[in-house]
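Next come the chains, spelled out residue by residue.
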Amino acid sequence: MSRAVFEFKKTPVATGATELQWKDWHWQMRTSLKSLNDFQAFFKLHDSEVSAFDGIDNTFNVRVTQYYATLADQRFSEDPIRKILMPHKLEKVTGLQQMLDPLGEKKNNPTARVIHRYSDRCLLLITDVCSVYCRFCTRKHFTGQEQAFLKQDELENSIQYIKNHPGIREVILSGGDPLTVSDEQLDRVLTRLREIPSVEIIRIGTRMPVVCPQRITPELVKVLRKHKPVFVMTHFNHPRELTYESAEGLERLVDHGVPVFNQMVMLNGVNNHETIVQALSRRLLYLRVKPYYMFQCDPSEGTDHLRNSIEDSLEIQSRLWGHLSGLAMPHYSIDIPNGGGKAYKVPNFEISKNENVRTFKGWDGVQEDYISPPAEQIKKPLDWELYLDEWLRIQNSKK
Ligand SMILES: *Cc1c(COP(=O)(O)O)cnc(C)c1O
Ligand code: SF4
């Protein structure tokens, strides 16, 4: 592994575990912290944190791998990583905007486990299990509901749906966390998807490289490679999550030809500072992981205290602009609540517009016009019709 520029630190093995157990993802899953007692053995809990556990199972499941718990501060409740994993009493308070299904997924759910919102791609929720239940999760309507791996008929119906909609060219495995299932189960789903000729790209959205990097085994990577092109979308939110173990997992993926992208979520008091976003993005890029999205946190139930304001997120974006390589810069995007889809936001550089002349002021103050050729001079390429069928296939894909 390359270790020249950044230091990725080894995570200490928790008390009572052997080195061998620590490296075994099944052990990490089996021994994850789930109850107040488990947490008290790991953390010095404050009274208000203890009371947050009262009835929390009715709100949103609690679960953390010992590996990930080790990354959090044991005493300080305001610690960023601790905020991600520790239940908070405000989760039970009705706040500003509370939606069980902020992405309006139930409206775009043609068959159990499939969410088809955009024409050329759909989600396939293969499990609702995660190894860590992030307190800001946007899919609380599905995640952690004890439904586990999709049933045979759910798989058959999903495959049939995707087959019947050849406009779907990309399938995104999601959940829950798709990498909590076994290699055999994953291989089975990927094999079925690869039997559908219209499916070109498969994506896997997973937090396992962050919260249980032991999962990225040579055997898993072999399965992903077998079904290429498979892209892995990770979810790192803070540079402290990039440990030796996670760096090793990420490099294993990339070294075996699996492209890796990261989607971060802006979180209040966790990562809403340009120094944090820059450090996270540069370290990821160094590990050949492309920072892809910086999401505004969705107004999921019980997340008001974790949500950043759009104003602050925009401020952070504009401070990074011009100072952070385009390769390292994630797209800032807001999901319009209730299933409106993603809305990108970029700093506004255009200060005026007059017919074919637009005036811009750049990130460090340079101001100049861009003059477009007149409309009558604009011609389309001669051969565009060669690609028309492919285009039309997508236009009708949601029917
Ligand atoms: C975000 C999302 C996708 C993927 O969108 P990209 O912009 O391609 O990453 C697909 N389907 C749904 C329902 C989504 O919310
Ligand atoms: S890993 Fe993803 S799906 Fe699971 S709880 Fe965290 S944010 Fe939600």
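Just so it is clear, the model here is predicted, and its values are computed rather than measured.

All chains considered together, the criterion is met by 14 aromatic pairs. Measuring from ring centre to ring centre gives 4.6 Å for tyrosine 293 and phenylalanine 295, while their planes differ by 35 degrees; the resulting arrangement is tilted. Across the pair, exposure class does not vary: tyrosine 293 and phenylalanine 295 are buried alike. Over the aromatic face of tryptophan 25 sits the side chain of arginine 215, whose NZ or CZ is 3.9 Å from the ring centroid.

This brings us to unusual backbone geometry. With an omega dihedral of 20 degrees, the bond running from glycine 175 to glycine 176 counts as a cis peptide bond. One can find glycine 176 in the loop between β3 (170–174) and α8 (183–194). In the segment running from lysine 228 into proline 229, the intervening peptide bond is cis, with an omega of 0 degrees. By the secondary structure assignment, proline 229 is in the loop between α10 (218–226) and β5 (230–234). Phi at arginine 113 is positive, roughly 80 degrees, even though this residue is not glycine.

Bringing the pattern of salt bridges into the picture now. According to the stated counting rule, one finds 23 salt bridges in the structure shown. Note that arginine 192 is salt-bridged to glutamate 195, the shortest N-O span being 3.3 Å. Exposure remark for glutamate 195: the relative accessible area of 46% places this residue in the partly exposed category. With a closest N to O distance of 3.2 Å, arginine 319 and glutamate 315 form a salt bridge. With arginine 319 and glutamate 315 both in helix α13 (residues 310–320) and 4 residues apart, this pair spans about one turn of that helix. With a relative accessible area of 42%, arginine 319 lands in the partly exposed category. One network of salt bridges, in which partners are shared, links Arg169, Glu200, Glu390 and Arg393.

Moving on: the site of ligand 2. Every residue near ligand 2 is listed here: Cys130, Val132, Tyr133, Cys134, Cys137, Thr143, Gly176 and Arg207. Of the residues contributing to the shell around ligand 2, the split by class is 5 nonpolar, 2 polar and 1 charged.

Moving on, we come to helix α7 (residues 152–164). Given a rise of 1.5 Å per residue, 13 residues ought to cover 18 Å, and the 18 Å separating the end C-alpha atoms of α7 matches this to within 8%. All of the buried residues along α7 are Glu154, Leu155, Ser158, Ile159, Tyr161 and Ile162. Down the axis of α7, the sector holding all buried residues measures 160 degrees, keeping them to one side. For α7, the elements touching its buried residues are β1 (114–118), β2 (121–125), β3 and α8.

Among the nonpolar cores identified, the biggest contains 95 residues, and Phe39, Phe43, Tyr68, Leu173, Leu186, Leu193 and Leu224 are the most heavily contacted of them. When residues of this core are assigned to domains, at least three fall in each of domain 1 (19–92) and domain 2 (106–343). Setting aside chain neighbours within four positions, we find tyrosine 68 in contact with Ile81, Ile84, Leu85, Val132, Arg207, Val210, Val211 and Glu241. Residues Leu123, Leu125, Phe142 and Ile172 belong to the second largest nonpolar core, which totals 5 residues.

Thresholds, definitions, all that
Residues numbered from 1 in each chain as written. Chains lettered and ligands numbered in written order. Predicted model: local features only at pLDDT ≥ 70, side-chain atom pairs only at ≥ 80, totals over all residues. Heavy atoms only, no water. Phe/Tyr/Trp six-rings, centres within 6.5 Å; stacked < 30°, edge-to-face > 60°. Buried < 20%, exposed > 50% of the residue type's maximum accessible area, 1.4 Å probe, protein only. Lys NZ or Arg CZ within 6 Å of the ring centre and 35° of its normal. Helix = DSSP H or I, 4+ residues; strand = E, 2+ residues; numbered from the N terminus. Salt bridge = Lys/Arg side-chain N within 4 Å of Asp/Glu carboxyl O. Near = heavy atom within 4 Å. Nonpolar A, V, L, I, M, F, W, Y, C, P; charged D, E, K, R; others polar. Expected span 1.5 Å × (residues − 1). Arc of directions from axis to C-beta. Contact = heavy atoms within 4.5 Å. Core = buried A, V, L, I, M, F, W, Y, C linked by side-chain atoms within 4.5 Å. Domains from an automatic or database assignment.

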